[in-house]
Amino acid sequence: MGQELKVALVGNPNSGKSTLFNILTGLNQKIGNFPGVTVEKKEGFYKLPDNRIARIIDLPGTYSFYPKSRDERIVMDALADENNSVHPDLIVFVADASNLKRNLLLFSQVADLQIPIIIALNMMDLAINGGISISVDELALKLGVQVIPISARKLEGIEQLKLAISYSSSIPLQLPSIDVVALAPHLIKKIQSDLNIEHPYIALQLAHQHEQLSFLSREENKLIEDIKSEFSFHSQKLQAVETIGRYNAINDVLFDTVKLNSDPGRETMSNRIDNVLTHRIFGFVIFFAILFIIFQSIFAWSEYPMSLIERLFIWVTYQGHQILPLGVFADLLIDGVLAGLSGVLIFIPQIAILFAFISILEDTGYMSRVTFMMDKIMRKVGLSGKSIVPMIGGFACAVPSIMSTRNIENWKDRMITIMVTPLIACSARLPVYTLLISMVVPDEKVWGFINMQGIALMALYVLSILSAIIVAWAMKLIIKSRERGYFIMELPVYRMPRWNNVLLTMYKSVKTFVFEAGKIIIAVSIILWVLSSYGPSQKFESIEEKYKLESYTQKYSSNEIERLEASEKLENSYAGLLGKSIEPVIKPLGFDWKIGIALITSFAAREVFVGTMATIYSVEADESNLASVRDKMLMAKNPDTGMPVFTVAVAFSLMIFYAFAMQCISTVAIVYRETKSWVWPAIQFAYMTSLAYIASFIVYQLLK
Amino acid sequence: MKLSQLEPGQSGIIKEFTDLEMSIKLMEMGCLPGESIVVERIAPLGDPIAITVSGYQLSLRKREASTIIMQ
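Residues numbered from 1 in each chain as written. Chains lettered and ligands numbered in written order. Predicted model: local features only at pLDDT ≥ 70, side-chain atom pairs only at ≥ 80, totals over all residues.

Undergrad: Can you help me understand the overall build of chain B in this one?
TA: Secondary structure summary: chain B contains two helices and five strands in total. In chain B, the succession of α and β elements from N to C terminus is β-α-β-β-β-α-β. Scaling as 2.2 N^0.38, a compact globule of 71 residues should have a C-alpha radius of gyration of about 11 Å, and chain B matches this with 11 Å. For the C-alpha atoms alone, the extent of chain B along its principal axes is close to 30 × 20 × 20 Å. A burial count over chain B gives 45% of its 71 residues as buried. Relative to all contacts within chain B whose residues are 6 or more apart in sequence, the contacts with residues 24 or more apart total 53%. (Helix = DSSP H or I, 4+ residues; strand = E, 2+ residues; numbered from the N terminus. Rg over C-alpha atoms; globule rule 2.2 N^0.38 Å. Buried ≥ 20, exposed ≤ 12 C-beta atoms within 10 Å, placed from the backbone. Contact = placed C-beta atoms within 7 Å.)

Right under this line is the structure:
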């Protein structure tokens, strides 16, 4: 284990920072959270030629040091505090060569922190195509730092960058851009001496942002507050002066180093694409067509791999029952663990496909056009155009989406987005929907190509969007706020998606699902197996006694006795008792106590419903009958009436319940973390559960 | 003349801002006094607008564009 070199990637959004991060670290990545906050921390490593480990931290993209969102605050926290665990030894500043002036604003701020820094001048190919020529050596000379021209997407210049990182200086060499002290001479000197701060720019930043920085003590905050009022510090005016000063310095640097050879012409490729994709009619038609294709593909493409996984597990279960000796251990392994595992793995194809699409939409730059087109509608219902991204992300999972609402600067917009995102049909609902739809909706085609099941699924997705919009509109009227919302957003040029990146996103999302959600699913499967295999011992013994009586052994065959006994045992198990106790409440929705059990266990996560059903019905099923969960559920009969349990009315009532109910512990937890209060998750839980109950009640009563 | 009053295809040069807080954000994004702006398009529903400034495209709401005074 060699020494470690901590390298932070800093740059504007869309500068190609994440691409570079993926290239440098490959699969050696670890996604976590920054200490104390819930901003995603992307960290990875690679080995330097001299055996040191380069630990790469991808800091959130930002346009300046004056943060407008919590993501951006992390940058200041990491760079200004030498005791921060991610405080870097070296900054690699990723700059977009085709937009150098704006990128150098952040560079000049970062450089003033006096941390060793090198510039990775990215998108050189774009700059050259755009008729921009940059004399790299001149630029390096004027800034006093190494400048490495690269093109991350084309993998050009990466080796040179790695070399530059290996042999980087350990002392800062950058030349000063502006006279920082002159901005507020007395204030800066006082903060420097009173708080023992070495660099004037850090002192100035403390005055601007001390309230938001996590590393200051209460006394230090008070001290800065006093100094600020002593020198009547006006933060916004000073920011404006500083920004203009920095741009003047940057213009001086760029004057000799950057030449615009030719006018690229107004009608660029990107503009021509935008003429179609953001067209007032075609724009929306194309957007909905894309959504349609995504959901049809999830169904069509995942069918084959899913049935393969399904058959594999049926085979393994069969073999398991053949090979393993009968007993508690075999039952636990096969009916508990294996049933849970198959419930996790079966959904990998769908999740991978969905994330592939989301990653392509983001990578090509289309996602920001969706934001651009939808902003006005979204604002009407109390959301911002920026809410569309978390909400579309909500189709995959509400948890990362709620985390991604951090780049919505406006508090009210953000709260409403958080409150309605769990209504969007997430991928954890997909297993529930797929299972129930395949049970009651015929697998037939209309007009030869539209799959009925696909239509039913799409209807549920449309319902989720509509309900989110209506709830958002209602919340807009309820929640009061004075804060103002920005919508100043870069529209990146259209690019081809990077297929490597798409694959990496698929891999990471599947990995997260299998290891994060999977843990819960398998754990719940095992708990369920225990709950459904054991009950109050007295009751269990008396059942065993009962079936040994002659009145039974003479009347029924041994097979029938076995089934009756198992069924009665399940009914009297802990799980059965739990399900029964809530049966009176859920009966008006068409649910029996078995569904009741599934409702309880799937509070952990919605997809647990399927695992629960698998366990309940495999416990109940005849030993030799190893049909899939669906067939077992279809065979289930109401013991009182002898009619099938899963009628169309029950299946749709269940789907509607899952559409609205807050059946997800992880979402509750993340909302608590994001809002820092139990009030919001409590309100969310209450309104979603009531909505689910009322809607299911109406659906069941209408269809039954 | 405010930026929000320009039609798609029209251009102009930034003179000043009417809102200090907004001006900082706009300047960070490259909208500086003296820069020229081209209005590229208006969103299908009439708001926001897309502009080209210092070689790249930016979208902003009309209300935000109305804080930019053009020469």
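Undergrad: How do you make sense of unusual backbone geometry when you look at a structure like this?
TA: Cis rather than trans, the peptide bond between B:Asp47 and B:Pro48 has omega equal to -5 degrees. Within the fold, B:Pro48 resides in the loop between strand S2 (36–42) and strand S3 (49–53). Of note in the backbone geometry, A:Met123 takes a positive phi value of approximately 60 degrees without being a glycine. In this fold, A:Met123 is placed in the loop between strand S6 (117–122) and helix H4 (124–129).

Undergrad: Would you mind going over the interface of chain A and chain B with me for this structure?
TA: Interface size is commonly expressed as the accessible area that is lost once the parts come together. Across the contact, 34 residues belong to chain A and 29 residues belong to chain B. Contributions of two or more residues to the side of chain A that touches chain B are made by helix H3 (100–111), helix H10 (235–257), helix H11 (269–277), helix H12 (282–323), helix H15 (366–380) and strand S12 (489–491) of chain A. Among the elements that line the side of chain A that touches chain B, the one with the most residues is H10(A), at seven residues. Residues that form the side of chain A that touches chain B fall into these classes: 15 nonpolar, ten polar and nine charged. (Nonpolar A, V, L, I, M, F, W, Y, C, P; charged D, E, K, R; others polar.)

Undergrad: How should the confidence of the model for chain A be read in this particular structure?
TA: In regions of low pLDDT, the predicted coordinates are not meant to be interpreted in detail. Chain-level pLDDT for chain A is 83 on average; 91% of the residues reach the 70-or-more range. Note on residues 619–627 of chain A: pLDDT under 50 across the span, and 13 contacts to partners over four residues away in sequence or across chains. (pLDDT = per-residue confidence, 0-100.)

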